[in-house]
Amino acid sequence: MQAKELLQQLQERFGDTLRDAVLLLDEVTIEITPEDLLDTCRVLRDEQVFGFEQMIDVCGVDYLNFGEDEWATEETTSTGFCRGVDPKTAGRLPGLEEDLSVETPQQDRRFAAVYHLLSVTHNHRLRIRVFAPDNQLPVIPSVVGLWNGANWFEREAFDLYGILFEGHPDLRRILTDYGFIGHPFRKDFPLSGNVEVRYDPEKRRVVYQPVSIEPRVLVPKVIRGDELEPVTLDEASDAEGEEDDA
């Protein structure tokens, strides 16, 4: 089955249930609401025309500041370096310009879960995107009851993004350490983290302590071509010889 045929069948079968349906790069992506997720996935798995027996992956996405890029170069001049000085996104350490946290009001439709399905029978794939309705407490139904392989994938999305999967049999962290604070893949998570670990010789164990890295803005230094003096191969060889003699 071709991707275009799959898209047409999805639109005919689900109709208004699909909030969006896109064919791009020969891949089909549909968007549905959390309320329709389980029923839609059950149809995709059980009805022979679709036959999505396998759930390949589940991942989380944080759309905070989506489409904004402080490193865009379209308006950058040729006489100076201006990118990355005025922060436009949340990809900065807190405390530079403003306090960024999960308590800060953000735009709608921030967190989403993305499901990748495979039909071995028909040799086609499908991507499903589901946005959590609440940014402060993102909750999406678990599909473990339909595809048991989603268990650890949903745990990973919970650990890294803080997305809660309702109905999951064992929703707990899977990648970060015990007692970890926050969700490291969120766009407003501090780049340096909240705590660091070190070995305490007195206690003879690894201990946690507040992170000691100072927030700073990293602006690369640009060396213009007219500031460089041309060096010949003979001059470079002489310079290397003087360094060896020293």
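Residues numbered from 1 in each chain as written. Predicted model: local features only at pLDDT ≥ 70, side-chain atom pairs only at ≥ 80, totals over all residues. Heavy atoms only, no water.

A. Examining the overall build of the protein more closely. Regarding its fold elements, the protein presents 4 helices and 9 strands. Of all 246 residues assigned to the protein, the portion counted as buried reaches 33%. A separation threshold of at least 6 residues defines the contact pool for the protein, and within that pool the share at least 24 residues apart is 57%. Total accessible area on the protein stands at roughly 16100 Å², and carbon and sulfur atoms take up 50% of it. (Helix = DSSP H or I, 4+ residues; strand = E, 2+ residues; numbered from the N terminus. Buried < 20%, exposed > 50% of the residue type's maximum accessible area, 1.4 Å probe, protein only. Contact = heavy atoms within 4.5 Å. Areas by Shrake-Rupley, 256 points an atom, 1.4 Å probe, with all protein chains shown as cover.)

B. Representation of the layout of surface pockets within the structure. Reported here for the largest pocket is a volume of approximately 320 Å³. Lining the largest pocket are 16 residues; nearest its centre among them are Asp26, Glu27, His124, Arg125 and Leu126. Secondary structure elements with two or more residues in the lining of the largest pocket: helix 1 (3-14), strand 2 (27-32), strand 4 (111-119) and strand 5 (124-131). Among the residues forming the lining of the largest pocket, the class breakdown is 8 nonpolar, 4 polar and 4 charged. (1 Å grid on protein atoms, 1.4 Å probe; cavity = no way out; pocket = protein on both sides within 12 Å on 5 of 7 lines; lining within 4 Å. Points joined across faces, edges and corners; volume = space filled by probe spheres on them. Nonpolar A, V, L, I, M, F, W, Y, C, P; charged D, E, K, R; others polar.)

C. Focus on unusual backbone geometry. Its identity is not glycine, yet Asn123 carries a phi of approximately 55°, on the positive side. Relative to the elements of secondary structure, Asn123 occurs in the loop between strand 4 and strand 5. On the basis of relative accessibility, which here comes to 65%, the residue Asn123 falls in the exposed class. Of note in this structure, Arg204 is not a glycine but carries a positive phi near 60°.

D. Structural view of the side chain of Asp62. Relative to the helices and strands, Asp62 resides in strand 3 (residues 54-62). A polar contact of 2.7 Å, which involves the side chain of Asp62, links it to the side chain of Arg110. Only 2.7 Å separates the side chain of Asp62 from the backbone nitrogen of Lys187, close enough to count as a polar contact. Non-local contacts of Asp62, meaning those with residues more than four positions away in its chain, are made with Arg110, Phe111, Tyr161, Phe185, Arg186 and Lys187. (Polar contact = N/O pair within 3.5 Å; in protein donor to acceptor, adjacent residues only side chain to side chain.)

E. Highlighting the packing of helix 1 against helix 2 (residues 34-46). Contact pair helix 1 / helix 2: the axes reach a minimum separation of 12 Å and the direction vectors enclose 130°. In terms of orientation, helix 1 and helix 2 fall into the oblique class. Of the two possible hands of crossing, helix 1 and helix 2 adopt the one that is right-handed. Residue-level contacts link Leu10, Arg13 and Phe14 of helix 1 to Thr40, Val43 and Leu44 of helix 2. Partitioning the contact of helix 1 with helix 2 into residue classes produces 4 nonpolar, 1 polar and 1 charged. (Axes fitted to C-alpha atoms, helices over the stretch in contact; angles between N-to-C directions. Parallel < 35°, antiparallel > 145°, perpendicular 65-115°, else oblique. Left-handed = near helix turned anticlockwise from the far one by under 90°.)

F. The arrangement of a nonpolar patch on the surface in detail. A surface patch of nonpolar side chains, about 500 Å² in accessible area, is lined by Val195, Val197, Tyr199, Val206 and Tyr208. Elements that contribute at least two residues to the nonpolar patch include exactly strand 8 (195-200) and strand 9 (205-210). Looking at the nonpolar patch, the element that brings in the most residues is strand 8, giving 3 residues. (Patch = residues over 30% accessible without salt bridge, like charges linked within 9 Å, V, L, I, M, F, W, Y side chains within 5 Å. Salt bridge = Lys/Arg side-chain N within 4 Å of Asp/Glu carboxyl O.)

G. Quick peek at the sheet that holds strand 2. An order of 1-2-5-4-3 is seen for the 5 strands of this open sheet, with the pairing classed as mixed. Both edges of this open sheet fall to strand 1 (20-24) and strand 3, since each of them pairs with a single strand only. Shown here is a sheet whose adjacent strand axes are inclined to one another by a mean of 20°, direction ignored. As paired elements, strand 4 and strand 5 share 8 bridges and run antiparallel to each other. Across the sheet, residue Leu118 finds its bridge partner in strand 5, namely Arg125. Sitting on the sheet, helix 2 is in contact with strand 2, strand 4 and strand 5, with an inclination near 165° to strand 5. The sheet contacts of helix 3 (residues 150-161) involve strand 3 and strand 4, and relative to strand 3 the element is tilted by about 5°. (Pairing = 2+ DSSP bridges.)

H. Spatial organisation of the environment of Val28. Looking at where Val28 falls in the secondary structure, it is placed in strand 2. Considering only alpha carbons, one finds Val28 and Leu7, 21 residues apart in sequence, at a separation of 6.4 Å. Dropping the residues within four chain positions of it, Val28 is found in contact with Ala3, Leu6, Leu7, Leu10, Val22, Leu23, Leu126 and Arg127.

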